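As a plain string of letters, each chain reads:
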Amino acid sequence: MKAPYIVITLLLCVLAFIIAKFRFPPLAHIEHAGGPGDATGDSVWRHRTLVLGALGIFVYVGAEVSIGSFLVNFFMQPEIGGLTAPAAARYVSFYWGGAMVGRFTGSALLRKADTGAMVGTASLIAAILVVTAMLTSGSLAMMTILSVGLFNSILFPSIFTLGIAGLGRLTGKGSGVMIAAIVGGAIIPLAQGALADRIGLQHAFFLPVICYLYLVFYGFVGSRREAVA
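Residues numbered from 1 in each chain as written. Predicted model: local features only at pLDDT ≥ 70, side-chain atom pairs only at ≥ 80, totals over all residues. Heavy atoms only, no water.

Draft legend 1. Quick peek at the overall build of the protein. Looking only at helices and strands, the protein has 11 helices and zero strands in total. Buried positions account for 43% of the 229 residues belonging to the protein. Total accessible area computed for the protein in this model is approximately 12300 Å², and 72% of it derives from carbon and sulfur atoms. (Helix = DSSP H or I, 4+ residues; strand = E, 2+ residues; numbered from the N terminus. Buried < 20%, exposed > 50% of the residue type's maximum accessible area, 1.4 Å probe, protein only. Areas by Shrake-Rupley, 256 points an atom, 1.4 Å probe, with all protein chains shown as cover.)

In structure tokens:
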């Protein structure tokens, strides 16, 4: 089991080195389009929507990965599904499949609806679904937690777009900050696992709920652009 991961890690390190040495062409149509990010001496850290958006990516990826990672264990619990590991694993595809289906329907809705409002609404519904899964049992708990994938679908691209909007020539650096925030997918699941060991797996899902509630704030409030001081 270790050898394939070691090989993959080495290949990724080589790829990262090659990309670091490669000079990408500037995004002239974006980086010279004008906007708050065009001020001389400006920094990405002075842009509120970017900083809050990076935290949004951190908690979103963390919540999505946490839920997906614990689904099998969740469905194996006697009060939830009492399934065997192989049987529980088959249900996980519905979680990720819902995210795929939601991408198609969500892209159509985003053409007409406000992106921030869509992020806030989808996150609020996701939070309600997770809370329902925490407070119920049996097939209802299974169905509600699986349905979260559907509402996860639009969040990553929408948060990313909101975070880098108006950065001008700082767009490239801002995108790098947003991509680095994906590390939340490695940190938050560990935190939820530690909580599950202490308070039980079902109750530990309150951590993704907190993540989604932050995204409700970001969608409705934090993503609104303000002038840079």
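Draft legend 2. Broad picture of helix H7 (residues 155-164). The buried fraction of H7 amounts to seven of the 10 residues, a majority that puts the element mostly inside the structure. Looking at H7, one finds that the buried residues are Leu155, Ser158, Ile159, Phe160, Leu162, Gly163 and Ile164. Among the structural elements, helix H3 (48-76), helix H4 (85-110), helix H5 (115-135), helix H6 (138-152), helix H8 (171-180) and helix H11 (206-222) are those in contact with the buried residues of H7. Looking one or two residues beyond H7, the residue adopting positive phi is Gly166, at roughly 75°. (Contact = heavy atoms within 4.5 Å.)

Draft legend 3. Helix H9 (residues 184-199), seen in detail. Here H9 is 16 residues long and its end C-alpha atoms lie 22 Å apart, about the 22 Å a rise of 1.5 Å per residue gives. When we look at burial in H9, the residues that qualify are Gly184, Gly185, Ile188, Pro189, Gln192, Gly193 and Ala196. The buried residues of H9 occupy an angular sector of 155° when the element is viewed end-on, so they sit on one face. When the buried face of H9 is taken as reference, the exposed residues oriented beyond 90 degrees from it are Leu190, Asp197 and Arg198. Where H9 is buried, its residues touch H3, helix H10 (201-204) and H11. Immediately downstream of H9, the backbone of Gly200 shows phi near 100°, a positive value. (Expected span 1.5 Å × (residues − 1). Arc of directions from axis to C-beta.)

Draft legend 4. Geometry of the side chain of Thr144. Turning to its location among the elements, Thr144 is positioned in helix H6. By relative accessible area, Thr144 is classed as buried at 8%.

Draft legend 5. Examining the nonpolar core more closely. Core analysis: the largest hydrophobic core is formed by 55 residues, its most contacted members being Ile145 and Tyr212. Top contributing element to this core by residue count: H3, with 13 residues. In contact with Tyr212, other than residues within four places in its own chain, are Ala63, Glu64, Ile67, Ser123, Ala126, Ala127, Val130, Val148, Asn152 and Leu155. (Core = buried A, V, L, I, M, F, W, Y, C linked by side-chain atoms within 4.5 Å.)

Draft legend 6. Here's a closer look at the packing of H9 against H11. Two numbers describe how H9 lies on H11: the axes approach to 9 Å, and their chain directions differ by 140°. The angle between the axes of H9 and H11 places the two elements in the oblique class. Along the contact surface, H9 presents Ile188, Ala191, Gln192, Leu195 and Ile199, while H11 presents Phe206, Leu207, Pro208 and Cys211. Here the contact of H9 with H11 is composed, by residue class, of eight nonpolar, one polar and no charged. (Axes fitted to C-alpha atoms, helices over the stretch in contact; angles between N-to-C directions. Parallel < 35°, antiparallel > 145°, perpendicular 65-115°, else oblique. Nonpolar A, V, L, I, M, F, W, Y, C, P; charged D, E, K, R; others polar.)

Draft legend 7. Here's a closer look at a nonpolar patch on the surface. A contiguous nonpolar patch, built from Tyr5, Ile8, Leu12, Leu15 and Ile19 and spanning about 510 Å² of accessible area, is present on the exposed surface. Structurally, Leu15 can be placed in helix H1 (residues 2-21). On the basis of relative accessibility, which here comes to 45%, the residue Leu15 falls in the partly exposed class. (Patch = residues over 30% accessible without salt bridge, like charges linked within 9 Å, V, L, I, M, F, W, Y side chains within 5 Å. Salt bridge = Lys/Arg side-chain N within 4 Å of Asp/Glu carboxyl O.)

Draft legend 8. Structural detail: the environment of Val209. Residue placement: Val209 occurs in helix H11. When its relative accessible area of 10% is taken as the criterion, Val209 is described as buried. Along the sequence, Val209 and Ser123 sit 86 residues apart, while their C-alpha atoms lie 9.2 Å from each other. If near-sequence neighbours (up to four positions away) are discounted, Val209 is found in contact with Ala127, Val130, Val131 and Met134.

Draft legend 9. View of the environment of Pro208. By the element assignment, Pro208 lies in helix H11. Distance from Pro208 to Val130, taken between C-alpha atoms, is 7.8 Å for residues 78 residues apart in sequence. Those residues in contact with Pro208 that lie beyond four places of it in its chain are Ala63, Ser66, Ile67 and Gln192.

The values reported here are purely geometric and, on their own, carry no functional implication.
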